[in-house]
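Results of the structural survey
What follows is each chain in one-letter form.
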Amino acid sequence: MTVGIVVVSHSRALADAAVGLAGEMVRDGGPVEVAAGLDDGGFGTDAVAIADALARAEQGDGVVVLMDLGSAVLSAELALELLDDAAAERVVLCPAPLVEGLVVAAVSAAGGAPAAEVAAEAADALEAKTTHLAPPGTGPGPAPEAATGDEERGVFTVRTAHGVHARPAARLVGALRGLDADVRLRNLTLDGPEVSAASMSKVATLGALEGHEVAVRARGAEAGEAVRRLLAVADDDFGEAPEATAAAAPSPPAAAPAGGPLPASPGIGVGPVRAVRAVPVDVPPARPGTPAEQRARLDGARAAVRDDLRAVRDRAAREIGEAEAAVFDAQLLLLDDPDVLTDATARTDAGADAARAWADVLDEVEARFAGAADEYLRARARDVRDVRDRVLRALGGVEHPGAGGEGILVADDLTPADAAALDPARTPAVVLAGSSPTAHAAILLRARGVPAVVGAGAALITRARQAAVVAVDGTTGEVVVDPDPATLAAFRDRAGALERRREAARRRAHEPAVTRDGTRVLVGANVGGPGDARAAVGADLAGLVRTEFCFLDRHRAPDVDEQETAYRAIAEAMGGRVTLRTLDVGGDKPLDYLPLPPEPNPFLGVRGIRLALARPRLLADQLEAIVRVAHDHPVDVMFPMVATVDELVAARRALDDAVGAVGRGRPPDLRVGIMVEIPATALKAAAFAPLVDFLSIGTNDLTQYALAAERGNDAVAALGDALDPGVLALVAATADGARSGDDVLVAVCGELAGDEQAAALLVGLGVRELSVAPTAVAAVKQAVRDVDLASARELAAAALRCPDAEAVRGLLR
């Protein structure tokens, strides 16, 4: 247990911001509750709300209360009178300043200090500031010599091919976050100035390339730990595999993969062109206001952009997974970069308008990136420009145009954020010069039902931008610029036929998917919340519920009751069986309250079931919630990233413990399965089969692990094709191994399951359940109904003999 903290403020926004700041200092702290503002959104404090917050924060070790203004103290004192005497005695009202006190209190409580000590530490929070600002001769005097002994130093040599660019910089900053230390870095090779290790933009612009030596200097109570962590991160090459970094530089967006345009999202679109190019955002006109008002404007704009990016990130996490959604984290980190904010504040204090201050600061950051000697670092300037422009639009009241509008969207590339925000009703199709079918934007387009072709190349895109009409077939990869009347008529006929087919599929969505020869194939939906479940019209089940939605954007893990409520809502919305995958996060995107040490390669580190078994309390709570729901609804529990039989045995033992904790016996409809994402797991499926009811193949991760091609890396993303015969052989191996179990079902829940053309191939390989995006359920069911099992098996055998994915795709056409 730890001491709880309650923040009492007249302003909800102030309280939330203070809690957010404290959360940056400590990830594994105790409960922090807020009682701020009035129900109508106005300023004020409420004694009843404070009493409720005290009850929530109390975990047995007492509660410390921090307050902003005098009347907040009176409300807090009144709240104590509403508690029983025993509870009131465990509450300490602390006179500390709200912001500084909360930060210190959170750190102290996380360290296990009792309530009285937490309050005392918080009350002393202004000592450093007071000493620093005291007039000459009035301070406490010079510190003794011993106080200067907390400085630690170190040196590391950069080994990564592209140096300390944005991704290593973000990992470095994250490793130091929360430590009580001021850490500075200096490029010794270039004899450059010191920069703060707390600022990603400053670290990334050290100009530290491969072979450069960087000096580390740290002061503070945890200076030694800070230097140790930083040197460990550097020794692990910041998570960048040295042998792979030479190939990691992004390819020019207009470079088309061999073989020409690639189908990325099925469907046909015909219409006028909407060409999208990067357009500079003008700085909006200055508005009068004091420096404080300008800072408030900038903070408000940043908050709006932060909310937008987080909403996009959460949508991506639900639709394509938590690991892929991390693509938005670098932008969020830059948005709150402390050095950027300090510079902008200095400019507004000097009289600059908020928009002008932000633009000038971000222009300088972008220029530093763009002027870097390293090509990879120069490419990151685009990310800086996007953050700059989003905030300027918010300051000027101008809506972000994104990739909206009417017509066929033609562009060099598409950001995941724009893909996630696209309006399918106004965009018949998308054509991109670069990208790949497995890129984040392409996956989001498929999830949203927008036909797309990628890898079209510069020449085709140039002609398309000048065209009046473009016809696109996202199923075959065909793009026709200014089609003649006969071709236009043919595309429209195909589009009409496709729409009639889809309409027929929608009418039959609630019917079972049965092949021509009578083989039943379940078609489920991948969901990330009750809304997705309601949208999955006709789904036989929820084949994958990404439970991460319960754990995101919060300062502590959800308790059993919260999780039960969330899972029950999905089960009720689904009206059938739900497959709840246990928490699947790792070192690439740790949760605020789940600190993890830096890893050389988080995708191959402690994630999935490995993390769950290392945090048994977290797993126990989740499994108890799942068991509760399983007593009232048919539930499958699925463990992710399983590599060994021992892991599965340990996970099943934890499930048995949860059944005992609930105390109602084992739910009769509770089934157990694992994700098959690791090649070794597929190859030894026979060893897992006796211990499970089903094996669910996650083709997204299985593909990138099998082909050593990360989907987030555009330079190699095109290699990560799930139709590669090597990946298909792993699917076949899983199906073969499943036969050693007792009626073990083989499912696919990755992107390949939603490819209508691949339905026959997967059925022929032995798959009997396909879990897809909610919008694809009806179409995939219809594709299954067209399958003849004998022919599908012949197709599968032919595909396994193919040399590459393109040859397999030729068979499917």
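Everything quoted here is computed from the prediction, not taken from an experiment.

1. What about the pairing of strand E1 (residues 4–9)?
In terms of residue burial, E1 counts as a mostly covered element, since six of its six residues are buried. Residue alternation in E1 divides its side chains into two sets, Gly4, Val6 and Val8 and Ile5, Val7 and Ser9, and both sets are buried. Of the strand pairs in this sheet, E1 and strand E3 (residues 63–67) are connected by five bridges, and their pairing is parallel. Bridge pairing links Gly4 to Val63 in E3. Bridge count for E1 against strand E2 (residues 32–36) is five bridges, and the pairing is parallel. Residue pairing across strands places Val7 opposite Val34, the latter belonging to E2.

2. Thoughts on the nonpolar core
Tyr567, Val578, Leu623, Phe639, Leu695, Leu761 and Leu770 are the most contacted members of the largest nonpolar core, which totals 95 residues. Tallying contributions element by element places helix H26 (residues 616–630) first for this core, with eight residues. Counting residues in each nonpolar core, the second largest holds 26 residues, with Ala223, Val227, Ala234 and Phe238 among its members.

3. Quick notes on the pattern of salt bridges
Using the criterion set out here, one finds 48 salt bridges in the structure. Asp336 is the salt-bridge partner of Arg302, the closest N and O atoms lying 2.6 Å from each other. Taken together, the residues span a long stretch of sequence, with Arg302 in helix H12 (residues 291–320) and Asp336 in the loop between helix H14 (329–335) and helix H15 (338–349) at a distance of 34 residues. Exposure remark for Arg302: the relative accessible area of 7% places this residue in the buried category. Taking the shortest distance from any N to any O, the salt bridge between Arg465 and Asp412 comes out at 3.5 Å. Here Asp412 lies in the loop between strand E11 (408–411) and helix H19 (416–421) and Arg465 lies in helix H21 (residues 458–465), a separation of 53 residues in the sequence. Shared partners join several salt bridges into a network, and the residues in it are Asp561, Glu564, Arg568, Glu624, Arg628 and Asp632.

4. Observations regarding helix H31 (residues 725–738)
With 14 residues, H31 should reach 20 Å at 1.5 Å per residue; the first-to-last C-alpha distance of 20 Å fits that figure. Summarising burial for H31: eleven of the 14 residues are buried, a large majority. Burial in H31 covers these residues: Pro725, Val727, Leu728, Leu730, Val731, Ala732, Ala733, Thr734, Ala735, Gly737 and Ala738. Measuring from the side-chain oxygen of the N-cap residue of H31 to the backbone nitrogen of Gly726 gives 2.8 Å; that N-cap residue is Asp724.

5. Observations regarding the sheet that holds strand E9 (residues 262–265)
One open sheet accounts for seven strands, arranged E9-E13-E12-E11-E10-E14-E15; its pairing is mixed. With one partner strand each, in any of the chains shown, E9 and strand E15 (478–481) form the two edges of the open sheet. Geometrically, the sheet is characterised by an average inter-axis angle of 25° between neighbouring strands, direction not taken into account. Here E11 pairs with strand E12 (residues 430–432) via three bridges, running parallel. Bridge pairing in E12 places Ala411 opposite Leu432. Strands strand E10 (268–275), strand E14 (469–473) and E15 of the sheet are contacted by helix H22 (residues 485–507), whose axis makes an angle of about 120° with E10.

6. Some words on the sheet that holds E3
Note: strands within a sheet are paired through backbone hydrogen bonds, in either parallel or antiparallel orientation. Here we have four strands laid out as an open sheet, ordered E2-E1-E3-E4, and parallel in their pairing. Among the strands making up the open sheet, the edge pair consists of E2 and strand E4 (91–94). In this sheet, neighbouring strand axes are inclined to one another by 20° on average, regardless of whether the strands run parallel or antiparallel.

7. Notes on the side chain of Asp721
Tracing the sequence through the fold places Asp721 in the loop between helix H30 (699–707) and H31. Asp721 has contacts with Thr703, Leu707, Val727, Ala805 and Arg809, leaving out every residue within four places of it along the chain.

8. Topic: the confidence of the model for the protein chain
Caution is warranted with low-pLDDT regions, since their predicted coordinates should not be read in detail. When pLDDT is averaged across the protein chain, the result is 83; 84% of the residues are at 70 or more. Note that residues 241–258 has pLDDT below 50 and, in this model, 31 contacts with residues that lie over four places away or in other chains.

9. So, unusual backbone geometry
The phi torsion at Met641 lies on the positive side, around 60°, for a residue other than glycine. Tracing the backbone through its elements, the reader meets Met641 in the loop between strand E20 (635–639) and helix H27 (645–662). When its relative accessible area of 4% is taken as the criterion, Met641 is described as buried. The phi angle at Ala708 is positive, at roughly 50°, despite the residue not being glycine. Summarising the element assignment, Ala708 is placed in the loop between H30 and H31.

10. Description of the packing of aromatic side chains
This model, assessed by the stated rule, comprises zero aromatic pairs. It is Arg494 that lies over the ring of Phe491; its NZ or CZ is 4.4 Å from the centre.

11. Digging into the packing of H22 against helix H33 (residues 777–785)
In a pair of packed helices, the angle between the axes and the distance between the axes together describe the arrangement. Following both chains from N to C, one finds H22 and H33 inclined at 95°, their axes separated by 8 Å at the closest point. Comparing their axes, H33 and H22 come out roughly perpendicular. Where H22 approaches H33, its residues Arg501, Ala505 and Arg506 are matched on the opposing element by Ala778, Ala779, Gln782 and Ala783. In the contact of H22 with H33, the residues fall into four nonpolar, one polar and two charged.

12. Focus: the side chain of Gln294
Among the secondary structure elements, Gln294 is positioned in helix H12. A polar atom in the side chain of Gln294 sits 3.0 Å from the side chain of Arg297. Those residues within four positions of Gln294 in sequence are excluded, and the remaining contacts are Arg287, Pro288, Gly289, Thr348, Ala352, Asp353 and Ala354.

13. Here's the deal with the environment of Asn700
Looking at the secondary structure, you find Asn700 in helix H30. Accessibility expressed as a relative area gives 16% for Asn700, which makes it buried. C-alpha separation for the pair Asn700 and Gly720, spaced 20 residues apart in sequence, amounts to 8.7 Å.

Cut-off values and rules
Residues numbered from 1 in each chain as written. Predicted model: local features only at pLDDT ≥ 70, side-chain atom pairs only at ≥ 80, totals over all residues. Heavy atoms only, no water. Buried < 20%, exposed > 50% of the residue type's maximum accessible area, 1.4 Å probe, protein only. Helix = DSSP H or I, 4+ residues; strand = E, 2+ residues; numbered from the N terminus. Pairing = 2+ DSSP bridges. Core = buried A, V, L, I, M, F, W, Y, C linked by side-chain atoms within 4.5 Å. Salt bridge = Lys/Arg side-chain N within 4 Å of Asp/Glu carboxyl O. Expected span 1.5 Å × (residues − 1). Polar contact = N/O pair within 3.5 Å; in protein donor to acceptor, adjacent residues only side chain to side chain. Axes fitted to C-alpha atoms, helices over the stretch in contact; angles between N-to-C directions. Contact = heavy atoms within 4.5 Å. pLDDT = per-residue confidence, 0-100. Phe/Tyr/Trp six-rings, centres within 6.5 Å; stacked < 30°, edge-to-face > 60°. Lys NZ or Arg CZ within 6 Å of the ring centre and 35° of its normal. Parallel < 35°, antiparallel > 145°, perpendicular 65-115°, else oblique. Nonpolar A, V, L, I, M, F, W, Y, C, P; charged D, E, K, R; others polar.

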